[in-house]
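What follows is each chain in one-letter form.
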Amino acid sequence: MKKEEKIKVGISVGDLNGIGTEVILKTFKDNRMLELCTPVIFGSTKILSFQKKHFNVNVNFHGINSAEKAQHGKINVVNISKDPINIEYGISSEEVGKFAIKSFIEATKALKEGMIDVLVTAPINKHNVQSEDFKFPGHTDYLGETLEGDSLMLMVNDTLRVGLLTDHVAVKDVSAAITPELIEKKVDIIYNTLKQDFGVSKPKIAVLGINPHVGDNGVIGVEDDEVLKPTLEKIKNKGKLVFGPYAADSFFASSNYKNFDAILAAYHDQGLIPFKTLSFGQGVNFTAGLNKVRTSPDHGTAYEIAGKNKADHNSFKEAVFTGIQIFRNRNMYKEIAENPLKKQPSKI
């Protein structure tokens, strides 16, 4: 990519009955965003025009039939359907779910084919998107199967990065899912993404225990002693700076997390509850480990406030910023790896 080219940020609209389009519109009503990137929304100019009137957001759209035709300096909308959609804010709808997934699949296709550089996904309702054509728990699982690489959910903000050993797995199945192979694979992914996507030369990674108090020497479960500890020791012996396992209940409260470049949690809520508490609504979900960059806000459809013009768009805006920065970091990392002796420009 040439230096003067703006990064094309593809956007899937998510659940139209939720807050997705509201936070998209609020993000791009600031014209300065168009100086930073070229947005390409996969949706419908008719639907977005209806939404902008509802939320009284003054933006203009440039309707196109393909992401290839996106123009810099404009909010581009790829019209993926001409069919009318019945929008009922706060209501789960199969029709809206189908549109959300069509938007996501079309955006992913454009990402895979290089027509967009970054994908930012607005929230979906994981229930109403299920069909014969889409049987995935969420965005991450589909991307992991469609793109190259092994995916890892990584929640990020300015001071905190939290990855997950297991993500959309029932609590009763977590222990059985955590194997030495899985631990090694996830540590490798988070280690590599810290280097290429975040510019950390010697990543320090903390791993949280599976059981309360890291099993208390086998009194509250043996998985930490029999699976997690020996695997982490093996990884350390290969030269990676991996520490733990740490008791999850005291790790964040003691501010110990500030000593590490990333934290790897055993399961979904163990990692996301402290992350969302500490990120104050400005966290970002980044799908690490894939050959393309995808981010999303750290919230859901928020049906309870949908259509009321109350949604905070900061997490979505941060998702756009983060996606752009990761894309730039990754390109720079590749360039340096290909030309290790190339002198880097001085920063003024």
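You'll find the structure just up there.
Okay, so let's go over this structure. All values reported here derive from a predicted model rather than from experimental measurement. (Residues numbered from 1 in each chain as written. Predicted model: local features only at pLDDT ≥ 70, side-chain atom pairs only at ≥ 80, totals over all residues. Heavy atoms only, no water.)

## Side note on the packing of helix α7 (residues 180–198) against helix α11 (residues 314–338)
This is how the line gets drawn: An axis is simply a line fitted to the C-alpha atoms; with a helix, the fit covers only the stretch in contact. Between two such axes, the angle follows the N-to-C directions and lies from 0 to 180 degrees. Only DSSP runs of H or I covering at least 4 residues are called helices, and only runs of E covering at least 2 are called strands; the numbering of each starts at the N terminus. Roughly parallel covers angles under 35 degrees, roughly antiparallel covers those over 145, roughly perpendicular covers 65 to 115, and oblique covers all other angles. Working rule for contacts: check all heavy atoms of both residues, and any pair within 4.5 Å makes them a contact. Ten residues, namely Ala, Val, Leu, Ile, Met, Phe, Trp, Tyr, Cys and Pro, are considered nonpolar, four, namely Asp, Glu, Lys and Arg, are considered charged, and the remaining ones, Gly among them, are considered polar.
With their axes 7 Å apart at the nearest point, α7 and α11 run at an angle of 95 degrees to one another. It follows that α7 is roughly perpendicular to α11 by the angle criterion. Counting all contacts with α7, which are made through K195, Q196, D197 and F198, the residues of α11 involved are I326, N329, R330 and Y333. Across the contact of α7 with α11, the residue classes break down as 3 nonpolar, 2 polar and 3 charged.

## Digging into the layout of surface pockets
Operational definition: Method remark: on a 1 Å grid restricted to protein atoms, a set of points is classed as a cavity if a 1.4 Å probe fits but cannot get out and as a pocket if it is open with protein on both sides within 12 Å along at least five of seven lines; lining residues have an atom within 4 Å of a point. Grid points are joined across faces, edges and corners, and a volume is the space filled by probe spheres set on the points.
What the second largest pocket holds in volume is close to 400 Å³. Lining the second largest pocket are 22 residues; nearest its centre among them are K126, N285, P297, H299 and G300.

## Side note on helix α5 (residues 139–146)
Helical geometry: 3.6 residues make up each α-helical turn, so side chains three or four residues apart lie on a common side. Selection rule: Each residue is placed in one exposure class: buried if its accessible area under a 1.4 Å probe, protein chains only, is under 20% of its type's maximum, exposed if it is over 50%, and partly exposed if it falls in between. An arc is given here, and it is the one of the directions from the helix axis to the C-beta atoms.
Those residues of α5 lying buried are H139, T140, Y142 and L143. Axial view of α5: buried residues confined to an arc of 165 degrees, hence all on one face. Here the buried face of α5 lies against α4 (94–112), β5 (118–121), β6 (149–156), β11 (284–290) and β12 (293–297).

## Thoughts on the pattern of salt bridges
Applicable threshold: What makes a salt bridge here is a side-chain nitrogen of Lys or Arg within 4 Å of a carboxyl oxygen of Asp or Glu, nothing more.
What the rule picks out here adds up to 12 salt bridges. A salt bridge links E113 to K109, with the nearest nitrogen and oxygen atoms 3.7 Å apart. For K109, a relative accessible area of 47% puts it in the partly exposed group. For K240, the salt bridge identified is with D188, shortest N-O distance 3.2 Å. Separated by 52 residues along the polypeptide, K240 in the loop between α8 (223–237) and β9 (241–246) and D188 in helix α7 bring together distant segments of the chain. In this structure, a network of salt bridges that share partners links the residues D30, R32 and K317.

## Points about the pairing of β9
Filter applied, for reference: Strands qualify as paired when DSSP identifies two bridges or more between them.
With 4 bridges joining them, strand β8 (residues 204–208) and β9 adopt parallel strand pairing. Residue pairing in the sheet places K204 in a bridge with L241 of β9.

## Section: the side chain of D167
The line we're drawing: A residue counts as positive if it is Lys or Arg and as negative if it is Asp or Glu; His and the chain ends are not included.
Considering the arrangement of structural elements, one finds D167 in the loop between β7 (161–164) and α6 (174–177). Put simply, D167 is tucked away with no salt bridge, and the nearest opposite charge, on K186, sits 4.9 Å away. Residues contacting D167, with those up to four places away along its chain left out, are D141, M153 and H268.

## Thoughts on the sheet that holds β9
Ordered in space as β3-β4-β2-β1-β5-β12-β11-β6-β7-β10-β8-β9, the 12 strands form an open sheet in which the pairing is mixed. With partners counted over all chains shown, the strands left at the sheet margins are β3 (61–64) and β9, one partner each. Between one strand axis and the next, the sheet turns through 25 degrees on average, direction left out of account. On top of the sheet, α8 reaches β8 and β9; it is set at about 165 degrees to β9, its chief contact.

## Points about the environment of F99
Secondary-structure assignment places F99 in helix α4. For F99, a relative accessible area of 5% gives the class buried. Spatially, the C-alpha atom of F99 lies 8.4 Å from that of S81, the residues being 18 residues apart in sequence. Dropping the residues within four chain positions of it, F99 is found in contact with V13, L16, G43, S44, I47, I80, S81 and I85.

## Focus on helix α3 (residues 45–55)
Taken as a whole, α3 has its buried residues at I47, L48, Q51, K52 and F55. What you see down the axis of α3 is that its buried residues fit within an arc of 135 degrees, all on one side. Turned more than 90 degrees from where α3 packs its buried face, K46 and K53 sit exposed. At its buried positions, α3 is contacted by α1 (20–28), β2 (37–43), β3, β4 (75–79) and α4. Phi turns positive, to about 55 degrees, at N56, one or two residues after α3.

## Structural notes on the packing of α4 against α5
Quick reminder of the rule: Helix crossings fall into two classes, left-handed where the near helix is turned counterclockwise from the far one by less than a right angle and right-handed where it is turned clockwise.
Closest axis-to-axis distance for the α4/α5 pair is 12 Å, and the angle between their directions is 35 degrees. Regarding α4 and α5, the two cross each other, and that crossing is right-handed. Contacts between α4 and α5 involve F104, I105, T108 and K112 from the former and H139, Y142, L143 and T146 from the latter. Here the contact of α4 with α5 is built from residues that sort into 4 nonpolar, 3 polar and 1 charged.

## Here's the deal with the nonpolar core
How we decide: For this analysis, a nonpolar core means a set of buried residues of the types Ala, Val, Leu, Ile, Met, Phe, Trp, Tyr and Cys, connected via side-chain atoms within 4.5 Å.
The biggest cluster of nonpolar side chains holds 92 residues, and the ones touching the most others in it are F28, F42, I183 and F316. Those residues in contact with F28, other than ones at most four positions away along the chain, are I11, M33, C37, P39, V59, I75, F316 and V320. Counting 15 residues, the second largest nonpolar core, distinct from the first, contains Y257, F260, L272 and F275.

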